[in-house]
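# Reading the structure
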Amino acid sequence: MSIVLVHIDGEPVEPWIAEFTRQAPEIEARPLDRIEDPAAVDVVVAWKLPQGLYGTFPNLRLIQSMAAGVDHVLADTSRPAQVPIARVVDPWMARAMSHHVILQILRWHRQLDLFEADRAENRWRCGVTFHPETVRVGVLGLGHLGQAVARALQGLGFAAAGWSRSPKALEGLETFHGTEGLAALAERSTALVCLLPLTTETEGILNAGLFAHLPEGSFLVNVARGGHLVEDDLFAALDSGRLSAAALDVMAAEPLPSDHPAWRDPRIFLTPHIASEINLATATTVFVDNIRRLRRGEALTGLVDPARGY
Ligand code: NAP
Ligand code: GLV
């Protein structure tokens, strides 16, 4: 018997099981509490499976991350090294991420918080003008999401550029790569968007050293992982004026503890890891396609390289 274990941390899994049944009645999808025989599980589709569980399925043939990122899978040392790991590559998610980043860039550029504050004093502020041509957005990560975001920003007339590990030639988009390219990207950017995977190389990359290369008053958007950001360096950069504001969708501790200073800091626009939520219908289509491929012995999609970390 081949069972697909479906697990999503902190949320009900039933809608996902129902969607599997709707899209692929031939696939037996079950939640964790309905797995009687771990040997029958050949696929795990999960967001943050409890630590240590991957190692308990002796016939596991595919780990399908229920997310674009796979840091939550790689963090489990019980994971059998030979089992392939796939991530979600879904155009729906790229569009949602573009909407979120555009919202944050526009909110900062158009100074929405200023006008919101003016309401308390019935102040009708005159003479404010905006110059989108001065907004230069640097996107860290030029993968599925980073490229979509950079293109969407270009479509609004913002000067976007991107940074990746390997060199890239993308028509009409300025690109940088490698360690030396990072400082160069920061120096030309008035807003920095992080869309990197969390790996040993990228952990803590949003730090004082990088902020020092940004022009005064820049804006930071972190929509990747909380582990990319050195929080003390963020607050120091906000206090010094190097950064004028930051939009944080991801935090090192999630849910964010109630005593965290970000809750009360008006320079920080906080959202609860919703920049690009996984979509029930379109993501299930990705999972079903990969499971069918696996069972037909065909090449899988969205495979990651565990050694590289993404
Ligand atoms: P992806 O397609 O794998 O792209 C990753 C990009 O990062 C690639 O361009 C890669 O460079 C670059 N990169 C990796 N390591 C690097 C390094 N050391 N130096 C420079 N560049 C490096 O990933 P994706 O689908 O765009 O997703 C990116 C991340 O977004 C995910 O891992 C996840 O953490 C986050 N995410 C967040 C949300 C949310 O709701 N907040 C939703 C979805 C995803 P190369 O092109 O040279 O390989
Ligand atoms: C969400 O954070 C994802 O990685 O898809």
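Now for a description of the structure that goes with this document. On a predicted model such as this, the values are computed, not experimentally measured, just so you know.

### Observations regarding the packing of aromatic side chains
The geometry of two aromatic rings is summed up by the distance between their centres and the angle between their planes. Tallying each qualifying case throughout the model produces five aromatic pairs. Centre to centre, the rings of Trp16 and Phe287 are 6.2 Å apart; their planes meet at 40°, and the pair counts as tilted. Separated by 271 residues along the polypeptide, Trp16 in helix H1 (residues 14-23) and Phe287 in helix H9 (residues 280-296) bring together distant segments of the chain. Of the aromatic side chains, those joined through ring pairs into one cluster are Trp16, Phe20 and Phe287. A cation sits over an aromatic face here: Arg107 above Phe269, 3.9 Å from the ring centre. One cation-aromatic arrangement involves Arg308 over Tyr310; the distance from NZ or CZ to the ring centre is 3.8 Å.

### A look at the pattern of salt bridges
Across all of its chains, the model carries 16 salt bridges by this definition. Linking Arg267 and Asp239 is a salt bridge whose minimum nitrogen-to-oxygen distance equals 2.9 Å. One end of the pair, Arg267, is in the loop between strand S11 (243-248) and strand S12 (268-270); the other, Asp239, is in helix H8 (residues 231-240), with 28 residues separating them in the sequence. For Arg267, the salt bridge goes to Asp265, with nearest N and O atoms at 2.8 Å. We classify Arg267 as partly exposed; its relative accessible area is 26%. Among the ionic contacts, a cluster of salt bridges with common partners joins Glu28, Arg30 and Glu36.

### Concerning the site of ligand 2
Around ligand 2, the structure places Ala67, Ala68, Gly69, Met93, Arg225 and His273. Within the backbone of Ala68, an N or O atom sits 2.7 Å from an oxygen atom of ligand 2. A distance of 2.8 Å separates an oxygen atom of ligand 2 from a polar atom in the side chain of Arg225. When isolated, ligand 2 has an accessible area of 190 Å², and the protein chains bury 82% of it. When grouped by side-chain class, the residues that make up the shell around ligand 2 number three nonpolar, two polar and one charged.

### What to know about the pairing of strand S1 (residues 3-8)
On a regular strand, one side chain projects to one face of the sheet and the next to the other, so that they alternate. Burial runs high along S1: six of the six residues are buried. Both faces of S1 are covered, namely the face carrying Ile3, Leu5 and His7 and the face carrying Val4, Val6 and Ile8. Strand direction decides the pairing type here: S1 and strand S2 (residues 28-30), joined by three bridges, are parallel. Residue pairing across strands places Leu5 opposite Arg30, the latter belonging to S2. Read from S1 through H1 to S2, the crossover connection turns out right-handed. In this sheet, strand S3 (residues 41-47) lies alongside S1 in parallel orientation, the contact comprising six bridges.

### With respect to H8
Taken together, the buried positions of H8 are occupied by Leu234, Phe235, Ala237 and Leu238. All buried residues of H8 fall inside an arc of 160° around its axis, so they share one side. Exposed side chains of H8 directed beyond 90 degrees from the buried face belong to Asp232, Asp239 and Ser240. In this structure, the buried side of H8 is in contact with helix H7 (208-211), strand S10 (218-222), S11 and S12. A positive phi of about 90° marks Gly241, the residue just after H8.

### Brief notes about helix H3 (residues 91-109)
With 19 residues, H3 extends 27 Å from end C-alpha to end C-alpha; this agrees with the ideal 27 Å at 1.5 Å per step. When we look at burial in H3, the residues that qualify are Met93, Ala94, Ala96, Met97, Ser98, His100, Val101, Ile102, Gln104, Ile105, Trp108 and His109. At its buried positions, H3 is contacted by strand S6 (136-140), helix H5 (144-155), strand S9 (191-194), S10, S11 and S12. Once H3 finishes, Gln111 follows within two positions and takes phi at roughly 50°, a positive value.

### Some details on the packing of H3 against H5
It is the contact of H3 with H5, at a shortest axis distance of 9 Å, that shows an interaxial angle of 50°. With respect to H5, the axis of H3 lies oblique. For H3 against H5, the interelement crossing comes out right-handed. Of the residues in H5, those in contact with Pro91, Met93, Ala94, Met97, Ser98, Val101, Ile102 and Ile105 of H3 are His144, Leu145, Ala148, Val149, Ala152 and Leu153. Residues of the contact of H3 with H5, tallied by class, amount to twelve nonpolar, two polar and no charged.

### Re unusual backbone geometry
Cis geometry is found at the peptide bond from Glu254 to Pro255, where omega equals -5°. Among the secondary structure elements, Pro255 is positioned in the loop between S11 and S12. You will see that Asn122, though not glycine, has its phi angle at about 50°, which is positive. For Asn122, the location among the structural elements is in the loop between helix H4 (112-119) and S6. In this structure Asn122 comes out as exposed when scored by relative accessible area, which is 72%. With phi around 55°, His273 is a residue other than glycine that occupies positive phi space. Residue placement: His273 occurs in the loop between S12 and H9.

About the thresholds
Residues numbered from 1 in each chain as written. Chains lettered and ligands numbered in written order. Predicted model: local features only at pLDDT ≥ 70, side-chain atom pairs only at ≥ 80, totals over all residues. Heavy atoms only, no water. Phe/Tyr/Trp six-rings, centres within 6.5 Å; stacked < 30°, edge-to-face > 60°. Helix = DSSP H or I, 4+ residues; strand = E, 2+ residues; numbered from the N terminus. Lys NZ or Arg CZ within 6 Å of the ring centre and 35° of its normal. Salt bridge = Lys/Arg side-chain N within 4 Å of Asp/Glu carboxyl O. Buried < 20%, exposed > 50% of the residue type's maximum accessible area, 1.4 Å probe, protein only. Near = heavy atom within 4 Å. Polar contact = N/O pair within 3.5 Å; in protein donor to acceptor, adjacent residues only side chain to side chain. Areas by Shrake-Rupley, 256 points an atom, 1.4 Å probe, with all protein chains shown as cover. Nonpolar A, V, L, I, M, F, W, Y, C, P; charged D, E, K, R; others polar. Pairing = 2+ DSSP bridges. Right-handed = clockwise from strand over helix to strand, strands pointing away. Arc of directions from axis to C-beta. Contact = heavy atoms within 4.5 Å. Expected span 1.5 Å × (residues − 1). Axes fitted to C-alpha atoms, helices over the stretch in contact; angles between N-to-C directions. Parallel < 35°, antiparallel > 145°, perpendicular 65-115°, else oblique. Left-handed = near helix turned anticlockwise from the far one by under 90°.

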